[in-house]
Amino acid sequence: MSMLVHGLHAQSSATWLTAALSGSAIILGYYLYIKRQQSPPPANSKFARTQMLLERLDTLEDQKEIEKAFLDLTLLEEDARVLRLPTKLVSYLCGYDPTNFESSNAVLELEVVRRRTHCLFAKAAVVWGAASNWDACLSEDGTANDASTNTLRAMSLFAAHAHGIDGFVLDVSLAQDTLQDHAAAVRSVFDWLSKHDPSGKGCMSSRFVGKRGWVFHFAGCEMFVTSFSGCYDETNARHCPQQQKTIILFQPYASFVLHNVGEETPLSATDFDHPRTMRDRIRTRFRNHGVWYEIPEQPHLYPASHNMVMPLLEGDPVVRWWES
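Small disclaimer: the values here were computed from a predicted structure and weren't measured. Throughout this description, residue numbers start from 1 for each chain and increase along the sequence as written. Only residues with pLDDT of at least 70 are given local features in this predicted model, and only at 80 or more are side-chain atom pairs given and counted; all residues enter the totals for whole chains, interfaces and linings. No hydrogens and no water enter the side-chain calculation; it runs on all heavy atoms of the structure.

Remarks on the overall build of the protein chain
Only DSSP runs of H or I with at least four residues qualify as helices, and only runs of E with at least two residues qualify as strands; both kinds are numbered from the N terminus onward. For the protein chain, the helix and strand inventory stands at nine helices and five strands. Along the protein chain, helices and strands appear, N-terminal first, in the series α-α-α-α-α-β-α-β-α-β-β-β-α-α. A simple rule labels every residue: compare its accessible area, found with a 1.4 Å probe on the protein chains alone, to the largest value its type can have, and call it buried under 20%, exposed over 50%, or partly exposed in between. When the 324 residues of the protein chain are sorted by exposure, 54% land in the buried category. Accessible area of the protein chain: about 15200 Å², with a carbon and sulfur share of 51%. Method for areas: the Shrake-Rupley scheme with a 1.4 Å probe, in which residue coverage is limited to the protein chains shown.

Topic: the nonpolar core
Grouping buried Ala, Val, Leu, Ile, Met, Phe, Trp, Tyr and Cys residues that are joined through side-chain atoms within 4.5 Å yields what is termed a nonpolar core. In this structure, F190, F216, F250 and W321 are the most contacted members of the largest nonpolar core, which totals 51 residues. Counting only elements with at least two residues in this core, the list comes to α4 (87–94), α6 (146–160), β2 (167–173), α7 (179–195), β3 (216–218), β4 (221–229) and β5 (245–252). By residue number, the principal contributor to this core is α7, which donates eight residues. Apart from the residues within four sequence positions on either side, F190 is in contact with M204, W214, F216, V225, I248, F250, M308 and W321. Contact between two residues is taken to exist if any of their heavy atoms lie within 4.5 Å; hydrogens are not considered.

Here we look at the environment of V261
Here V261 is to be found in the loop between α8 (253–258) and α9 (278–288). A relative accessible area of 2% places V261 in the buried class. Taking the C-alpha atoms as reference, V261 lies 9.7 Å from R281; in sequence the two are 20 residues apart.

With respect to the side chain of H239
Mapped onto the fold, H239 is located in the loop between β4 and β5. Classification of H239 as buried rests on a relative accessible area of 17%.

Describing the sheet that holds β3
Pairing in this open sheet of five strands is mixed, and the strands run β1-β2-β5-β4-β3 from one edge to the other. Single-partner strands in this sheet number two, and they are β1 (127–129) and β3. Neighbouring strand axes in the sheet, compared pairwise and without regard to direction, differ in orientation by 35° on average. In terms of strand pairing, β1 meets β2 through three bridges, oriented parallel. Counted as the bridge partner of W128 is F168 from β2. The sheet contacts of helix α5 (residues 105–116) involve β1, β2, β4 and β5, and relative to β2 the element is tilted by about 100°. Pairing between two strands requires that DSSP report at least two bridges joining them. Angles shown run from 0 to 180 degrees and are taken between the N-to-C directions of axes, each axis being a line fitted to C-alpha atoms and, for helices, limited to the stretch in contact.

Overview of the pairing of β5
Within β5, eight of the eight residues are buried, which leaves it mostly tucked inside the rest of the structure. Where burial is concerned, the two faces of β5 agree: the one with K245, I247, L249 and Q251 and the one with T246, I248, F250 and P252 are both buried. Bridge count for β2 against β5 is six bridges, and the pairing is antiparallel. Its bridge partner lying in β5, D171 is registered against I247. Where β4 meets β5, seven bridges bridge the pair, whose relative direction is antiparallel. Considered in β5, the bridge of T226 is made with L249.

Re α5
Along α5, the residues that are buried comprise A106, V107, E109, L110, V113 and R114. Down the axis, α5 shows its buried residues gathered within 160° of arc, on one side only. Check the buried side of α5 and you find it contacts β1, β2, β4 and β5. The arc in question is the one traced by the directions running from the helix axis out to the C-beta atoms.

Focus on α6
The span expected for a helix works out to 1.5 Å for each residue beyond the first. When the terminal C-alpha atoms of α6 are compared, their 21 Å separation across 15 residues agrees well with the 21 Å that a helix rising 1.5 Å per residue should span. Of all 15 residues in α6, 14 are buried, a share of seventy percent or more.

Brief notes about the environment of G213
Within the secondary structure, G213 sits in the loop between α7 and β3. For G213, a relative accessible area of 70% puts it in the exposed group. The sequence separation of G213 and P303 amounts to 90 residues, and the corresponding C-alpha distance is 6.7 Å.

See the structure below:
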């Protein structure tokens, strides 16, 4: 698909809640409802075991013990990865409604891009967004705020909800509309998310970010990432009409399968005259509108990181944003 904060110390209870959300979102949601109704779950139920693990996470300090508890939470509801929670409960868990542009400016910013894109999949995609005004989360002083905590909760819940939501969007303000500023913003966001990954496996700690085989992952969910900016003109698929803004879209790979986008095929295999697959139809629409849309000839050899921040013009060198 073409388009489509500082945080918390390792010992803080808010981080454990974030971790718990990513691994046991469904159980936690129902458990909270039960708790509010003052009706405790049976001692031998999944709810009770989840409560015990959540309480344990609040008291642990050793990183290995924390990761073990997180894994236990994940395995506890491995058979219920498809999350179906009402909006009111999602808002209660996250501290805001990640589906609504009134509480997530990122959703509003992405909507402008979605209206202009030639991607068939984008217009119908279900997208969540970060809490508004979370730029301060990336500040050097590392001060946590409600937006950072809530955004972490929402993105962790999104990662656990991989089969029901098509994307999660973050927006970052830029000092200038330059490719350098855009690349630096993407790097800052990735570093921040990697540092606060509730699974403890920050993907940016890898030495192979720019290599084939590396993918972005958060809370155990691997994602395809694209970014948009005002530094690109209208002939680039990553064009963003908003000025001094970077928009980053995280999409679970499972979303492409569920929407039958089709397997990644080389440029030479694309049928532009008689497109049949969703992927070919998307590629054809971009070409017919004179918009450059990167299609590698050897997709199995194309590093995922090379697609996350595109160059300004076709044929320009790869943007090594991970070195920004």
